[in-house]
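Summary of structural features
Spelled out from the first residue to the last, the chains are:
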Amino acid sequence: QVQLVESGGGLVQAGGSLRLSCAASGRTTSGYNLGWFRQAPGKEREFVAAINWATITYYRDSVKGRFTISRDNAKNTVDLEMNNLKPEDAAVYFCAAQWTGSMRATPRRDPEAWRYWGQGTQVTVSS
């Protein structure tokens, strides 16, 4: 129904920056929340950031001030600008979409609440 494709991952040194992008296609409509999750080896998938249709943003505490999520509703894309990367940020980053039918719905932090997922893009941070 909805396909998500991430891009922009790679290898950076600690303190460096990366910009991740995600393009949605298929049966895209208004009222979607978009978000980013990550999963490091041996750990569970965790919430990173999300943005609703009205562009209200949400972040986990550890990335506030360093990461910025944005979206272009006309293009059905969502980006994650990551600055001052730390070794603990290394993970596979997944783009996700959650249809709510609402302009201002609050995204859930539980990954199980999200319906559509990309395949992930690897972010490696060297130290």
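Higher on the page you've got the structure.
Since the model is a prediction, treat every value here as computed from it, not as a measurement.

Time to look at the environment of Ser21. Mapped onto the elements of the fold, Ser21 is located in strand E3 (residues 18–26). On the basis of relative accessible area, Ser21 is assigned to the partly exposed category, the value being 25%. Distance from Ser21 to Tyr32, taken between C-alpha atoms, is 16 Å for residues eleven residues apart in sequence. If sequence neighbours within four positions are ignored, Ser21 has contacts with Val5, Glu6, Ser7, Trp36, Val78 and Asp79. Separated by 3.1 Å, the side chains of Ser21 and Asp79 make a polar contact.

Working definition: the strands of a sheet are paired by backbone hydrogen bonds and lie parallel or antiparallel to each other. Spatially, the four strands line up as an open sheet ordered E1-E3-E8-E7, and their pairing is antiparallel. Either end of the sheet is taken by a strand with one partner, and the two such strands are strand E1 (2–7) and strand E7 (67–72). Sheet twist, expressed as the average angle between the axes of neighbouring strands with direction ignored, equals 15°. Bridge count between E3 and strand E8 (residues 77–82): six bridges; the pairing is antiparallel. Paired with Leu18 across the bridge in E8 is Met82.

Here we come to the nonpolar core. Within the largest apolar cluster, 28 residues are counted, with the highest numbers of intra-cluster contacts made by Trp36, Leu80, Met82 and Tyr93. Breaking this core down by element, the ones donating at least two residues are E1, E3, strand E4 (32–39), strand E5 (46–51), E7, E8, strand E9 (91–99) and strand E11 (121–126). If you look at the next biggest cluster of nonpolar residues, it comprises six residues, including Ala50, Tyr58, Ala96 and Trp114.

Per the counting criterion, the structure on display carries five aromatic pairs. Feature note: the residues Phe37, Phe47, Phe94, Trp114 and Trp117 constitute an aromatic cluster, connected by ring pairs. In this arrangement the basic side chain of Arg45 is found over the ring face of Trp117, its NZ or CZ atom lying 4.7 Å from the centre.

Using the criterion set out here, one finds one disulfide in the structure. Sulfur-sulfur distance for the disulfide between Cys22 and Cys95 comes to 2.1 Å. Taking the sign of the S-S torsion, about -80° here, the bridge from Cys22 to Cys95 comes out left-handed. Of this pair, Cys22 sits in strand E3 while Cys95 sits in strand E9, and the two are 73 residues apart along the sequence. The exposure classification of Cys22 matches that of Cys95, with both residues buried.

Thresholds applied
Residues numbered from 1 in each chain as written. Predicted model: local features only at pLDDT ≥ 70, side-chain atom pairs only at ≥ 80, totals over all residues. Heavy atoms only, no water. Helix = DSSP H or I, 4+ residues; strand = E, 2+ residues; numbered from the N terminus. Buried < 20%, exposed > 50% of the residue type's maximum accessible area, 1.4 Å probe, protein only. Contact = heavy atoms within 4.5 Å. Polar contact = N/O pair within 3.5 Å; in protein donor to acceptor, adjacent residues only side chain to side chain. Pairing = 2+ DSSP bridges. Axes fitted to C-alpha atoms, helices over the stretch in contact; angles between N-to-C directions. Core = buried A, V, L, I, M, F, W, Y, C linked by side-chain atoms within 4.5 Å. Phe/Tyr/Trp six-rings, centres within 6.5 Å; stacked < 30°, edge-to-face > 60°. Lys NZ or Arg CZ within 6 Å of the ring centre and 35° of its normal. Disulfide = S-S within 2.5 Å.

Shape descriptors only; they carry no functional weight alone.
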